[in-house]
Amino acid sequence: MYDFRHMNAKPTSAKADGVLDPRVARSRARVLDAATQLLVEGGPSALTVDAIAATSSVAKSTLYRHWSSIDDLVVDVLRHNLETTHVPDGVEGFEASLRALMGAIATRASEPEWQRILPALFTLKQHVSAIETIAEDDQNEQLNELAKVVDLGIAEGRLPADIDVEFAMFQLMGPIVLATIAVGGDAPLQLVDRVVDRFLASWA
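For clarity, every value in this text was computed on a predicted model and none was experimentally measured.

This next bit is on the pattern of salt bridges. Across all of its chains, the model carries 8 salt bridges by this definition. Between arginine 28 and aspartate 76 there is a salt bridge; the shortest N-O distance is 3.2 Å. Taken together, the residues arginine 28 in helix α1 (residues 22-42) and aspartate 76 in helix α4 (residues 70-81) connect sequence positions 48 residues apart. Put simply, Glu95, Arg99, Arg158, Asp193 and Asp197 are held in one network by salt bridges that share partners.

Let us look at α1. In this model, α1 (21 residues) spans 30 Å end to end at C-alpha, consistent with the 30 Å of a helix rising 1.5 Å per residue. Among the residues trailing α1, glycine 43 stands out with phi positive, at a value near 80 degrees.

Tracing the backbone through its elements, the reader meets threonine 85 in the loop between α4 and α5 (94-109). A residue is classified by how much of its surface remains accessible, and threonine 85, at 11% relative accessible area, is buried.

When you line up the elements, threonine 180 lands in helix α8 (residues 165-182). Under the relative-accessibility criterion, threonine 180 is labelled buried at 7%. From its side chain, threonine 180 meets the backbone oxygen of isoleucine 176 in a polar contact 2.7 Å long. Residues contacting threonine 180, with those up to four places away along its chain left out, are Ala109, Gln115, Leu118 and Pro188.

A few words on the nonpolar core. Ranked by internal contacts, the top residues of the largest apolar core, which has 29 residues, are Ile52, Leu73, Leu78 and Ile131. Listed by contribution, the elements that provide at least two residues to this core are α1, α2 (49-56), α4, α6 (112-124) and α7 (129-155). In contact with leucine 73, not counting residues within four places along its chain, are Val31, Leu32, Ile52 and Trp67. In this structure, Leu101, Ile105, Leu143 and Leu159 belong to the second largest nonpolar core, which totals 22 residues.

This part is about the confidence of the model for the chain. Averaged over the chain, the pLDDT score is 83; the fraction of residues at 70 or greater is 89%. For the chain, the element scoring lowest by mean pLDDT is strand β1 (residues 15-16), at 45; helix α9 (residues 187-202) scores highest, at 95. Note that residues 1-17 has pLDDT below 50 and, in this model, 35 contacts with residues that lie over four places away or in other chains.

Side chains of Phe122, Val177 and Ile181 sit close together on the surface and give an oily, nonpolar patch of about 250 Å² of accessible area. Along the chain, valine 177 falls in helix α8. Judged by its relative accessible area of 34%, valine 177 is partly exposed.

The rules behind each value
- Residues numbered from 1 in each chain as written.
- Predicted model: local features only at pLDDT ≥ 70, side-chain atom pairs only at ≥ 80, totals over all residues.
- Heavy atoms only, no water.
- Salt bridge = Lys/Arg side-chain N within 4 Å of Asp/Glu carboxyl O.
- Helix = DSSP H or I, 4+ residues; strand = E, 2+ residues; numbered from the N terminus.
- Expected span 1.5 Å × (residues − 1).
- Buried < 20%, exposed > 50% of the residue type's maximum accessible area, 1.4 Å probe, protein only.
- Polar contact = N/O pair within 3.5 Å; in protein donor to acceptor, adjacent residues only side chain to side chain.
- Contact = heavy atoms within 4.5 Å.
- Core = buried A, V, L, I, M, F, W, Y, C linked by side-chain atoms within 4.5 Å.
- pLDDT = per-residue confidence, 0-100.
- Patch = residues over 30% accessible without salt bridge, like charges linked within 9 Å, V, L, I, M, F, W, Y side chains within 5 Å.
- Areas by Shrake-Rupley, 256 points an atom, 1.4 Å probe, with all protein chains shown as cover.

Below, the structure written as structure tokens:
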């Protein structure tokens, strides 16, 4: 279901002297946007070469040159849609930073397109081994962002020095992820203050 058919050409570099050709960048962006649309609307089974080429208006020969399989393209689609969430600029202090970070994460989780991609992500993990690695990379990036905020909490005496950051992430992210999957809409945003309040109370 995920392999390109009659694939003979090898993937080629889209860069010259380290600079991505603008034409190549535009065509890749169209392909990734089209594949995202197909994934959202029809699930993994909708990701076929013909459908992607038709939706993106990019020739199949171009797809063949830059992706050796649908699996490789799916990996790029997910990387295209995964964004590391940061504390917004200008926010200072532990509690304000924690609320700002969780608010940014919940805002992302409340986006309709992301809520529609998330179920497909779980499905793809069963078919494309590289998706598990992408999910782990994304989790590690988010963990690193939370660790910066946790360090502020330790410095201010609000959190113990030996706090398990991964466990803290589960405490904070668990309800947000569940609300995203089970309820959707702006439910993740509505939970932010309650989740943060409970987290702070548990470490008071």
